[in-house]
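Below, each chain spelled out in residue letters.
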Amino acid sequence: MMLRHASLQRVAARLVGLMGMALFLVSCQPGGPGQPECWPEPAADDGASSNTVDQQGDSPPEEDQGGPGETMELSRIVIGLDGSGSLLGHLQAEGNAWIRALQALQLLTATPPVKTVVARVGGAALEPVASLQTSDDPCFFTGCAPFAPVSSNLPALWWQAQPGQLTILVSDLETNASLTGALVQAIDQSEPEAVGVMAIQAPFKGEVFDPFTGKPVGPMDGNRPLYLLVTGPRDPVEKILRDGAGAFGQVHLQPVFNSLLPVGTGSTAYANDLKPLNDSGQPDPQQGVVGGSVSVGPLKVTPIDNMLTVEWVEPGQSRQLALSVQGFLEDTQGVAYPPGQLLLEQYNPEKENWQAAQGVTVQDLRLQNGNFSAVVSLDGGLPAGLVRARLPAHRGVEDWWLALSANGHDAHDPTEGRTKGLYGLLTSLQASRQDPGAPPAAAFCFAHSPT
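A brief report on the enclosed structure follows. (Residues numbered from 1 in each chain as written. Predicted model: local features only at pLDDT ≥ 70, side-chain atom pairs only at ≥ 80, totals over all residues. Heavy atoms only, no water.)

## Some points on the environment of P392
Here is the rule: Helix numbering and strand numbering both begin at the N terminus, where a helix is a DSSP run of H or I of at least 4 residues and a strand a DSSP run of E of at least 2. For every residue, the accessible area obtained with a 1.4 Å probe (protein chains only) is divided by the maximum for its type, and the residue is called buried under 20%, exposed over 50%, and partly exposed between those limits. The criterion used for residue contact is that any of the two residues' heavy atoms lie within 4.5 Å.
Among the secondary structure elements, P392 is positioned in the loop between β19 (385–391) and α10 (399–403). For P392, a relative accessible area of 8% gives the class buried. Remark: the alpha-carbon pair of P392 and P439, spanning 47 residues in sequence, is separated by 7.3 Å. Here P392 is in contact with Q341, L343, P440 and A441, once residues within four sequence places are set aside.

## Description of the packing of aromatic side chains
Keep this limit in mind: Only the six-membered ring of Trp is used, alongside the rings of Phe and Tyr, when aromatic pairs are assigned; centres must lie within 6.5 Å, and planes under 30 degrees apart are stacked while those over 60 apart are edge-to-face, with the rest tilted.
Evaluated as defined, the whole model comprises nine aromatic pairs. On the numbers, 5.9 Å between centres and 20° between planes, the contact of F257 with W400 is stacked. You can see F257 sitting in strand β7 (residues 256–261) and its partner W400 sitting in helix α10, a full 143 residues away along the chain. Classification of F257 by relative accessible area gives partly exposed; the value is 24%. Summarising the aromatic geometry, the rings of Y337 and Y423 are spaced 6.3 Å apart at their centres and angled 85° between planes, so their arrangement reads as edge-to-face. Taken together, the residues Y337 in strand β14 (residues 335–337) and Y423 in helix α11 (residues 422–432) connect sequence positions 86 residues apart.

## Description of the pairing of strand β1 (residues 76–82)
The test is simple: When DSSP finds two or more bridges between two strands, those strands count as paired.
When you tally the buried positions in β1, you get seven out of seven residues, the bulk of the element. The side-chain alternation of β1 yields two buried faces, one formed by R76, V78, G80 and D82 and the other by I77, I79 and L81. Bridging between β1 and strand β4 (residues 165–171) involves six bridges; their strand directions are parallel. Its bridge partner lying in β4, V78 is registered against T167. Pairing between β1 and strand β2 (residues 115–121): seven bridges, direction parallel. When the sheet's bridge partners are listed, G80 is paired in β2 with A119.

## Comments concerning the packing of helix α5 (residues 97–108) against helix α9 (residues 234–250)
Operational definition: Here the axes come from fitting lines to C-alpha atoms, over the contacting stretch only for helices, and the angles between their N-to-C directions go from 0 to 180 degrees. With respect to orientation, any angle under 35 degrees is reported as roughly parallel, any angle over 145 as roughly antiparallel, any angle of 65 to 115 as roughly perpendicular, and every other angle as oblique. Here a crossing is called left-handed whenever its near helix is offset anticlockwise from the far helix by less than a right angle, and right-handed whenever the offset is clockwise. Residues are grouped as follows: Ala, Val, Leu, Ile, Met, Phe, Trp, Tyr, Cys and Pro are nonpolar; Asp, Glu, Lys and Arg are charged; all remaining types, including Gly, are polar.
For the pair α5 and α9, interaxial distance at closest approach is 9 Å and the crossing angle is 135°. Relative to α9, α5 is oriented oblique. Seen from above, α5 lies across α9 with right-handed handedness. Of the residues in α9, those touching α5 at A101, A104, L107 and L108 are I240, D243, G244, A247, F248 and Q250. Grouping the constituent residues of the contact of α5 with α9 by class yields seven nonpolar, two polar and one charged.

## As for the nonpolar core
What counts here: Buried Ala, Val, Leu, Ile, Met, Phe, Trp, Tyr and Cys residues form a nonpolar core when they are joined through side-chain atoms within 4.5 Å.
One finds L229, Y337, L342 and F372 to be the most contacted residues of the largest nonpolar core, which totals 57 residues. In terms of residues, this core owes the most to one element, α11, which gives five residues. If we skip the residues at most four places from it in the chain, L342 touches V362, L365, F372, A374, A389, R390, L391 and F444. Judged by nonpolar contacts, the second largest core, of 40 residues, contains A97, A104, L108 and V237.

## A short note on the state of the cysteines
Stated precisely, the cut-off is as follows: Any cysteine sulfur atom paired with another within 2.5 Å is treated as part of a disulfide.
All chains considered together, the criterion is met by one disulfide. C139 shares a disulfide with C144; S-S distance 1.7 Å. Around the S-S axis, the bridge from C139 to C144 shows a dihedral of about -95° and counts as left-handed. Residue C139 is classed as buried on the basis of its relative accessible area of 14%. Among the residues examined, C144 registers a relative accessible area of 29% and is labelled partly exposed.

## Overview of the pattern of salt bridges
Two side chains of opposite charge can pair, provided their charged atoms sit close to one another. Threshold: The term salt bridge refers to a side-chain nitrogen of Lys or Arg lying within 4 Å of a carboxyl oxygen of Asp or Glu.
Considering all chains together, one arrives at seven salt bridges under this definition. Among the salt bridges present, the one from D243 reaches K239, with a minimum N-O distance of 2.9 Å. Separated by four residues within a single helix, D243 and K239 lie in helix α9, roughly one turn from each other. Since its relative accessible area comes to 31%, K239 is described here as partly exposed. We note a salt bridge from E345 to R388, for which the minimum N-O separation is 2.8 Å. Of this pair, E345 sits in strand β15 (residues 343–348) while R388 sits in strand β19; the two residues are 43 residues apart in sequence, bridging distant segments of the chain. Salt bridges here are not isolated pairs; linked through shared partners, they connect K239, R242 and D243.

Written out as structure tokens, the structure is:
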């Protein structure tokens, strides 16, 4: 079992291999010999993990690492239906969106000739039911006879997962925040070859609940996200994600979003664009000179490759920088990240180390079709400095994660068709699929100085 788990870790590491190679092929030193590297090479492999070797490109051939020809054989399918009261609105919506969603799920799981088990999820243990259609009963969600009330114990679906099992949870994923870690841990301990998540916007008419308190927050008549969280052998997981749009389209539930974890972060991980911004947050080339050498203590920082520098025309005033992978995103473009996800550090030339940045804050993060853009504010009178910012690998997400998430600094009313806690759940789940030392999803390194 331990050998298989190690193999799965290598497979997960290879999923971020393209991103890792993009990082290591880019030089990001701010100046000549002896000057600090913005992003040092990874430590040499100490034998505890083969992930560093994989990312360096010296890994064994694909067939030795569990390639496509060695995927786990499908043994059975277990479908867990979330019995929480927060799902009732899909059953009550015009056209019964809940049953239509289950019809699409039947299309997605009809092909494999293996045993299928259906269970109600949310209580202390799984509650086997006769079929998917058993849930076409309000008592399934409200907890009246013959069904007992349940909460949000979603981890129970993975407690007894068997090798080769395809596990599918149908849920709104609005579990209590205290159970997020338990859900991620349960999935991780089941050692699946692949993890995928699919979302649809499904009609909803009923009471909306706060997942953190369990209390109702008001009625709603509109759309709410409904999810399939899928784990198990790689081939059937990927097939469900690949065929999902067609299956849900047949029952008139659209749009459909899906991700295989961990998600890719694109081929360009370092920033290649820097713009000074004016007081209204718009690019203004008159605010400063971009691209020249900047003195930071005894260092002479000169832009090389994707190292960025800026000298300010009015050094005594606070100022802003727009940093981006492909191009600056205005506040009407893309979807917003929680700003605290971008980690900032400043180089101390006297101590020759990186420390928490002072006087530099993140104002806005945005994502649009793989383009990551950040607005960073620098306090007035701030002396010259060398700053690096990184978005950790597990926080490199797809647009729809943010668009459907209702938590963070840009929290939305749940009636707007978003899911509380979604970003935290998916990034935590993604982290469990990645090596802890995986290269950042995006990296910025810039020097600033008053003229």
